[in-house]
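Residue-level structure breakdown
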Amino acid sequence: MQEEHFIVALVEDRPGVMQRIAGMLRRRNFNIDSISVGSTEIPGVSRITMTVHGDRQTLEQVMKQLNKLIEVVKVSELRQAESVVRELALIKVSVKNERARAEVVQYASIFRARIVDVAKQSMMIEITGDEEKLSAFIELMRTYGIVEIARTGKVIMARGARSVRVRETR
Amino acid sequence: MAEMKGADAVVQALEREGVEVIFGIPGGASIPFYDSLYSSSIRHILMRHEQGAAHAADGYARVLGKAGVCSATSGPGATNLTTGIANAYMDSSPVVAITGQVATPFIGKDAFQETDVIGITMPITKHNFQVRSVSEIPEVVKKAFHIAQTGRPGPVLIDLPKDMQEGTAEVEFPEEVSLMGYKPTYDGHPRQVREAARAILEAERPVILAGGGVIISGASEELRQLAELIPAPVVTTLMGKGSFPETHPLSLGVLGMHGRREANHAVTESDLLIAVGTRFSDRSTGMVSCFAPEAKVIHIDIDPAEIGKNVRAHIPVVGDAKRVLRQLLGVLGEMRRLERSRSWIEKVTLWKKEFAPELEYDDVPLKPHRVIKEIMEFLGEDDIVTTEVGQCQMWAHCYMQRSKPRTFISSGGLGTMGFGFPAAIGAKVAKPEVRVVDIAGDGSFLMNIQELATAVENGIDVMVAVFDNRYLGMVRQWQELFYDRRYSAVDLGSSPDFVKVAEAFGAFGIRVERPGEIGDALKQAAEAGKPAVVDFVIERECNIFPMVPPGKCLKEVIG
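Quick caveat, the model's predicted, so the values are computed rather than measured.

**Quick notes on the overall build of chain A**
Across its full length, chain A carries 4 helices and 9 strands. Along chain A, helices (α) and strands (β) appear in the sequence β-α-β-β-α-β-β-α-β-β-α-β-β when read from the amino end. Over its C-alpha atoms, taken along the principal directions, chain A stretches across nearly 60 × 35 × 35 Å. The 170 residues of chain A split such that 24% are buried. Within chain A, counting contacts between residues at least 6 apart in sequence, those at least 24 apart form 73% of the total.

So this is what it looks like as structure tokens:
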């Protein structure tokens with residue numbers, strides 16, 4: 001069954017590690033919908049969040065092949081229902097008149113987004129949330145004219161006691 | 001701690017790893033490394049092409065089960081190594097490749113002989129390193145050998161920018177290294193092992209499928225014990241050839257596209273397949289959907305990523321073949337043995353008799369079968385056979401019995417024409433006391449024939465048995481069978497004269513055209529006191545059969 005899966009990988013922060021991962025995914029014909037990278041609580045270790053489309057077997061292979069890379073320290077699957085999924089987007093919207101400006105401000109407030117930059121002809125909005133929230137807001141902004149969107153890709157963390165960390169004993 | 005030049009640190013680190021031989025060719029970006037090597041006890045064998053260096057290191061590694069080392073300069077030297085590195089990667093061979101690189105300030109400037117060897121070799125190495133500071137050299141070398149030789153072995157490349165070789169720093173040689181993301185699993189999970197044992201006791205038609213992992217982990221003795229205890233017939237892959245004596249009553253030989261009929265039949269009819277150290281290559285399985293259709297599959301492999309990659313495993317056991325087989329033997333020893341009917345063993349034994357190949361041909365031009373048979377009889381069980389790739393390889397694979405591990409060295413995964421001869425050189429350097437014969441085709445031999453100079457200059461007396469049909473024979477066979485005999489670009493014509501080529505290089509050369517001359521020619525070649533080329537003129541359009549056509553099931557054998 002084709003589904004969306006979330007994979008979190010902790011990797012050593014070394015030159016070329018992203019190329020290794022990206023190259024492996026391409027070479028083995030895996031489809032990645034979204035990928036994001038950032039630092040973690042441990043210096044020298046980065047966290048990669050990716051969403052993979054495919055059946056269970058594909059997911060298992062992606063995880064095993066990731067694990068096989070020497071600089072990949074840990075790989076976990078996180079289930080959407082048991083996790084918090086967030087993405088951040090910066091959206092530049094053109095606002096041609098005062099009425100448009102007022103409406104955009106109002107929508108931003110309803111979505112708990114923030115206006116982070118204002119110019120004569122445009123506004124920049126920062127919004128955080130899950131896929132549905134971001135899509136709904138972006139759809140609304142289209143009426144005014146979107147100049148530019150920058151999205152971070154999803155980051156995800158398990159709820160409760162479960163965590164993805166480097167074990168001390170390793 | 002000691003103040004040291006980078007190149008000296010590399011050489012000293014290699015010495016500490018127990019490196020005795022390096023196969024390589026120097027160049028501009030590796031001159032400092034070669035300068036340090038000049039005063040080292042490490043023997044350097046100057047090859048004539050870097051591809052040969054990588055294959056020689058690979059052959060050396062496969063014979064000894066420890067890392068083989070090759071070296072090349074930056075740019076073209078490094079790119080020439082890549083075929084050999086890819087070959088080692090596909091066949092899980094521990095090769096450490098050392099490449100020179102332009103000095104750090106020139107990296108990324110498209111400098112003379114600069115190439116991104118790290119980027120190029122990422123998908124064909126187990127791991128690779130570019131040295132970024134002189135002081136990290138000992139640790140990098142230690143890590144490289146550790147990664148190459150442990151877990152599922154594989155090639156590791158170390159890229160050495162010229163300024164890292166020339167620069168000096170305080171260096172320290174670590175006794176051990178630890179890698180956060182690399183901890184291979186050696187012991188099988190006890191629950192999985194017990195489940196495997198139960199499946200074995202319940203099976204009526206068990207078959208053991210032994211792959212290259214059995215040889216790598218040195219598990220031949222455990223494998224034999226298991227086969228005799230069950231008892232179960234044993235089939236091997238190309239990479240597993242020699243892991244179980246093919247002279248053993250329970251051996252059914254090799255399976256796959258050009259496997260033995262009895263082996264392919266047994267796998268197809270088995271109700272339990274005990275696969276050890278194999279990745280289920282498509283050349284071994286034929287069409288996967290009809291591979292071992294009635295069998296429960298126990299898959300023992302050290303690489304978790306191989307489990308479920310090509311063939312579904314009902315009982316996976318991740319671990320080292322030798323350790324897991326020992327665990328399995330232990331558990332089976334404690335369990336009450338069920339009486340198994342002898343009918344399965346009797347059945348496969350009958351197949352073995354029925355499908356025994358005819359090798360005793362008297363034809364002129366020679367039938368390759370006859371040549372294989374005589375070479376087989378000529379060699380002792382410790383002698384080593386390497387192969388090129390194509391029909392010659394498959395004739396040896398199918399018909400030449402080997403009874404000891406590490407005595408059949410072939411390019412399995414990558415299928416590299418030109419592998420066998422330099423690999424034979426590496427094998428002979430590893431074990432000078434045994435005979436080493438490369439089973440070659442004329443097409444393959446020509447791809448690295450320049451290494452005759454290496455063999456002659458260094459007194460590495462290997463023998464090349466050329467199965468000379470003046471065709472790229474395997475392609476021709478496919479064109480005959482599946483492309484309506486349209487022989488496109490496969491005729492190699494009459495050049496060269498291999499006897500004269502051998503002589504021009506200073507080697508011994510002899511041509512054999514009649515079956516009665518084979519034995520004497522082999523003897524002369526072996527006693528020539530120099531590298532030898534025996535040119536066997538074989539029937540031009542002789543095919544390698546049996547054959548499972550591409551995309552077919554193992555039981556759909558033709559020929």
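**A closer look at the sheet that holds strand β4 (residues 68-72) of chain B**
All names here are of chain B. Taken together, 6 strands build an open sheet; the order of strands is β3-β2-β4-β5-β7-β6 and the sheet is parallel. In this open sheet, the two strands that pair with only one neighbour each are β3 (43-46) and β6 (127-130). In this sheet, adjacent strand axes meet at a mean angle of 20° when their direction is disregarded. The pairing of β4 with strand β5 (residues 95-101) spans 5 bridges and is classified as parallel. Among the inter-strand pairings, Ser 71 is bridged to a residue of β5, identified as Ile 98.

**Quick notes on the packing of helix α3 (residues 50-64) of chain B against helix α4 (residues 76-90) of chain B**
Residues and elements named next belong to chain B. One can describe the packing of α3 onto α4 by two numbers: an axis separation of 7 Å at closest approach and a directional angle of 30°. What the angle tells us is that α3 and α4 run roughly parallel. Classified by chirality, the crossing of α4 by α3 is right-handed. Judged by residue contacts, Glu 50, Gln 51, Ala 53, Ala 54, His 55 and Asp 58 of α3 engage Gly 77, Asn 80, Leu 81, Thr 83, Gly 84, Ile 85, Asn 87 and Ala 88 from α4.

**Side note on the domain arrangement of chain A**
Residues and elements named next belong to chain A. We note that the domain assignment places domain 1 (3-78) and domain 2 (84-155) within chain A. Measuring from the centre of the C-alpha atoms in domain 1 to the corresponding centre in domain 2 gives 30 Å. Facing 5 residues of domain 1, the contacting portion of domain 2 comprises 4 residues. Those elements giving two or more residues to the side of domain 1 that touches domain 2 turn out to be β2 (32-39) and β3 (45-54). Looking at which element gives the most residues to the side of domain 1 that touches domain 2, the answer is β2, with 3 residues.

**Structural notes on the confidence of the model for chain A**
Chain-level pLDDT for chain A is 94 on average; 98% of the residues reach the 70-or-more range. Ranking the elements of chain A by mean pLDDT puts β2(A) last with 93 and strand β7 (residues 122-129) of chain A first with 98.

**Some words on the environment of Leu252(B)**
Residue and element names in this part refer to chain B. Structurally, Leu 252 is set in strand β11 (residues 251-254). In this structure Leu 252 comes out as buried when scored by C-beta crowding, with 28 C-beta atoms within 10 Å. It is 45 Å that separates the C-alpha atoms of Leu 252 and Ala 13, two residues lying 239 residues apart in sequence. Residue contacts for Leu 252: discarding those within four places in its chain leaves Pro 233, Val 234, Val 235, Arg 260, Glu 262, Ala 263, Ala 266, Val 348 and Lys 352.

**Some points on the pairing of strand β18 (residues 463-468) of chain B**
Residues and elements named next belong to chain B. Among the 6 residues of β18, 6 are classified as buried, and the element is accordingly described as predominantly covered. The alternating pattern of β18 places Met 463, Ala 465 and Phe 467 and Val 464, Val 466 and Asp 468 on opposite faces, both of which are buried. Note that β18 and strand β20 (residues 532-537) share 6 bridges and pair parallel. The residue bridging Met 463 from the neighbouring strand is Ala 532, located in β20.

**Description of helix α8 (residues 190-202) of chain B**
Residue and element names in this part refer to chain B. The terminal C-alpha atoms of α8 lie 18 Å apart, and with 13 residues this matches the ideal 18 Å at 1.5 Å per residue to within 8%. The complete set of buried residues in α8 reads Val 193, Ala 196, Ala 197 and Ile 200. Buried residues of α8, viewed axially, fall in a sector of 100°; they line one side. The inward-facing, buried residues of α8 abut β9 (206-210), β12 (272-276), β13 (296-301), β14 (315-318) and α13 (321-334).

**Describing unusual backbone geometry**
All names here are of chain B. A cis amide bond, omega 0°, links Ser 495 with the succeeding residue Pro 496. For Pro 496, the position within the fold is in the loop between α20 (473-482) and α21 (498-504). Despite not being glycine, Phe 280 has its phi angle at roughly 55°, a positive value. Positioned with a positive phi, Ala 292 is a non-glycine residue whose angle comes to about 40°. Mapping Ala 292 onto the fold places it in the loop between α12 (282-285) and β13. Exposure remark for Ala 292: the 24 C-beta atoms within 10 Å place this residue in the buried category.

**Considerations on the domain arrangement of chain B**
All names here are of chain B. Considered domain by domain, chain B is made up of domain 1 (2-171), domain 2 (190-354) and domain 3 (368-537). On a C-alpha basis, the centroid separation for the pair domain 1 and domain 3 is 29 Å. The interface of domain 1 with domain 3 comprises 25 residues on the first partner and 26 residues on the second. Elements supplying a minimum of two residues to the side of domain 1 that touches domain 3: β2 (21-24), β3, α3 and α4. The element that contributes the greatest number of residues to the side of domain 1 that touches domain 3 is α3, accounting for 11 residues. Class assignment for the residues of the side of domain 1 that touches domain 3 results in 12 nonpolar, 9 polar and 4 charged.

**A short note on the packing of helix α1 (residues 6-16) of chain B against helix α2 (residues 31-38) of chain B**
All names here are of chain B. Direction vectors running N to C along α1 and α2 enclose 55°, while the axes themselves pass 8 Å from each other. With respect to each other, α1 and α2 are oriented oblique. Crossing of α1 over α2 shows right-handed handedness. Within the contact between the two elements, α1 uses Ala 7, Asp 8, Val 10 and Val 11 and α2 uses Pro 32, Phe 33, Asp 35, Ser 36 and Leu 37.

**Regarding the pairing of β7(A)**
Residue and element names in this part refer to chain A. Looking at chain direction, strand β5 (residues 83-94) and β7 are connected through 8 bridges and run antiparallel. Opposite Leu 90, over in β7, you have Glu 126 as the bridge partner. Examined bridge by bridge, strand β6 (residues 114-118) and β7 share 4 bridges and lie antiparallel to one another. Looking across to β7, one finds that Val 118 is bridged to Met 123. If you look at the hairpin formed by β6 and β7, you'll find 3 residues sitting between the two strands.

Rules used in this analysis
Residues numbered from 1 in each chain as written. Chains lettered and ligands numbered in written order. Predicted model: local features only at pLDDT ≥ 70, side-chain atom pairs only at ≥ 80, totals over all residues. Helix = DSSP H or I, 4+ residues; strand = E, 2+ residues; numbered from the N terminus. Buried ≥ 20, exposed ≤ 12 C-beta atoms within 10 Å, placed from the backbone. Contact = placed C-beta atoms within 7 Å. Pairing = 2+ DSSP bridges. Axes fitted to C-alpha atoms, helices over the stretch in contact; angles between N-to-C directions. Parallel < 35°, antiparallel > 145°, perpendicular 65-115°, else oblique. Left-handed = near helix turned anticlockwise from the far one by under 90°. Domains from an automatic or database assignment. pLDDT = per-residue confidence, 0-100. Expected span 1.5 Å × (residues − 1). Arc of directions from axis to C-beta. Nonpolar A, V, L, I, M, F, W, Y, C, P; charged D, E, K, R; others polar.

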